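Commentary on secondary and tertiary structure
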Amino acid sequence: MKQVSLSVESRSEIGKVSNKVLRRDGKIPGVVYHRGEVTQAVSLTAKDLDVILHSGSGQNALINLTVKNEAARKDPRLVVVKEIQHHPVSRSPLHVDFHQISLTEKIRFTIPVVLKGDAVGVKSDGGVLEAPIRELSIRCLVTQLPEHFDVDVTQLKINHSIQVLDLKFPQGVECLTDPHAVVAHV
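We now turn to the structure provided with this report.

So, how was this worked out
Residues numbered from 1 in each chain as written. Predicted model: local features only at pLDDT ≥ 70, side-chain atom pairs only at ≥ 80, totals over all residues. Heavy atoms only, no water. Helix = DSSP H or I, 4+ residues; strand = E, 2+ residues; numbered from the N terminus. Buried < 20%, exposed > 50% of the residue type's maximum accessible area, 1.4 Å probe, protein only. Contact = heavy atoms within 4.5 Å. Areas by Shrake-Rupley, 256 points an atom, 1.4 Å probe, with all protein chains shown as cover. Lys, Arg positive; Asp, Glu negative; His and termini not counted. Charge placed at Lys NZ, Arg CZ, Asp CG, Glu CD. Salt bridge = Lys/Arg side-chain N within 4 Å of Asp/Glu carboxyl O. Core = buried A, V, L, I, M, F, W, Y, C linked by side-chain atoms within 4.5 Å. Pairing = 2+ DSSP bridges. Axes fitted to C-alpha atoms, helices over the stretch in contact; angles between N-to-C directions. Polar contact = N/O pair within 3.5 Å; in protein donor to acceptor, adjacent residues only side chain to side chain.

Side note on the overall build of the chain
Per the secondary structure count, the chain includes three helices and twelve strands. For the chain, the spread of C-alpha atoms along the three principal axes comes to 65 × 40 × 25 Å. Here the chain, with 186 residues, has 38% of them falling under the buried criterion. Taking the contacts inside the chain whose residues are at least 6 apart along the sequence as the reference set, 63% of them involve residues at least 24 apart. Entry remark: accessible area of the chain is about 10,900 Å², with carbon and sulfur atoms responsible for 50%. Measuring between centres, the 23 positive side-chain charges of the chain sit 5 Å from its 21 negative side-chain charges.

Quick look at the pattern of salt bridges
Evaluated as defined, the whole model comprises three salt bridges. Here Glu9 ties to Lys27 by a salt bridge, and the two come within 3.2 Å at their closest N and O atoms. Of this pair, Glu9 sits in strand S1 (residues 3–10) while Lys27 sits in strand S2 (residues 27–33), and the two are 18 residues apart along the sequence. Judged by relative accessible area, which is 24%, Lys27 ranks as partly exposed.

Considerations on the nonpolar core
In summary, soluble globular proteins display a tendency toward joint burial of nonpolar side chains. In this structure, Ile101, Phe109, Leu136, Ile138, Val151, Leu156 and Leu167 are the most contacted members of the largest nonpolar core, which totals 27 residues. Those elements that provide at least two residues to this core are strand S5 (77–86), strand S7 (107–116), strand S8 (135–140), strand S9 (149–152) and strand S12 (182–185). No other element matches S7, which puts four residues into this core. Within the second largest apolar cluster, 18 residues are counted, among which are Ala61, Val67, Val79 and Val96.

Considerations on the sheet that holds S5
Read around the barrel, six strands follow the order S1-S3-S2-S6-S5-S4 and close on themselves; strand pairing throughout is mixed. Taking each pair of neighbouring strands and ignoring which way they run, the sheet shows an average axis angle of 45°. Its contacts with the sheet put helix H1 (residues 16–24) on S2, strand S3 (40–45) and strand S6 (93–100), and the angle it makes with S2 is roughly 125°. Contacts between helix H2 (residues 46–53) and the sheet are confined to S1, S2, S3, strand S4 (62–67), S5 and S6, with S3 contributing the most and set at about 90° to the helix.

Brief notes about the side chain of His95
Among the structural elements, His95 can be located in strand S6. Judged by its relative accessible area of 14%, His95 falls in the buried class. There is a polar contact of 3.1 Å between the side chain of His95 and the side chain of Asp97. Each residue touching His95, except ones within four places of it in the same chain, is listed here: Arg11, Ile28, Pro29, Gly30, Val31, Glu83, Ile84 and Gln85.

What about the sheet that holds strand S11 (residues 174–175)?
The strand order S9-S7-S8-S11 describes an open sheet built from four strands, whose pairing is mixed. The sheet is open, and its two borders are formed by S9 and S11, each paired with just one other strand. Of the pairings in the sheet, the one linking S7 to S9 comprises four bridges and is parallel in character. Bridge pairing in S9 places Val114 opposite Asp150.

Brief notes about the side chain of Ser43
Tracing the backbone through its elements, the reader meets Ser43 in strand S3. On the basis of relative accessibility, which here comes to 5%, the residue Ser43 falls in the buried class. If we skip the residues at most four places from it in the chain, Ser43 touches Val8, Glu9, Arg11, Leu22, Lys27, Ile28 and Pro29.

Digging into the pairing of S7
Residues in a regular strand point their side chains to alternate faces of the sheet. In this sheet, S8 lies alongside S7 in antiparallel orientation, the contact comprising six bridges. Paired with Thr110 across the strands is Ser137, a residue of S8.

Shown next, in the form of structure tokens:
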């Protein structure tokens, strides 16, 4: 999976007032979590966040995070975006949570489902293809993380469906979504 570089600034002031000042200056407050370490408060620009979210991997992008004014650590950390809080009306990002990850530990991700092909039941029988599930919850190593999961629907006839248990996942990828959930049906 492709990795994206991001440079953020460490911040010492936390709380509502300092976050409002950051947002007024065009920056987004955030935190970096890592198990067993103290949470670090950071800030970044909205433009940098947009570059990551539109990098092709979306919110599942692997990020080499460098903290500009951090004296103790020079090398970048490998992180993923854990959560983005948005303004309820404008949908602009208000806060970002980064989770520092290990290359040897399996973690949980949500990946989009992409339907491929034209279903036989739609082309020849006039059916309608429906996709109740748009994403799957999986657990895997970061190095095994797929950007999306392709589902071939070309053989679907009327009143037939594809369930999660019918899908073949790559080795090392464990699906956490209900196995009887319907991914697509005609």
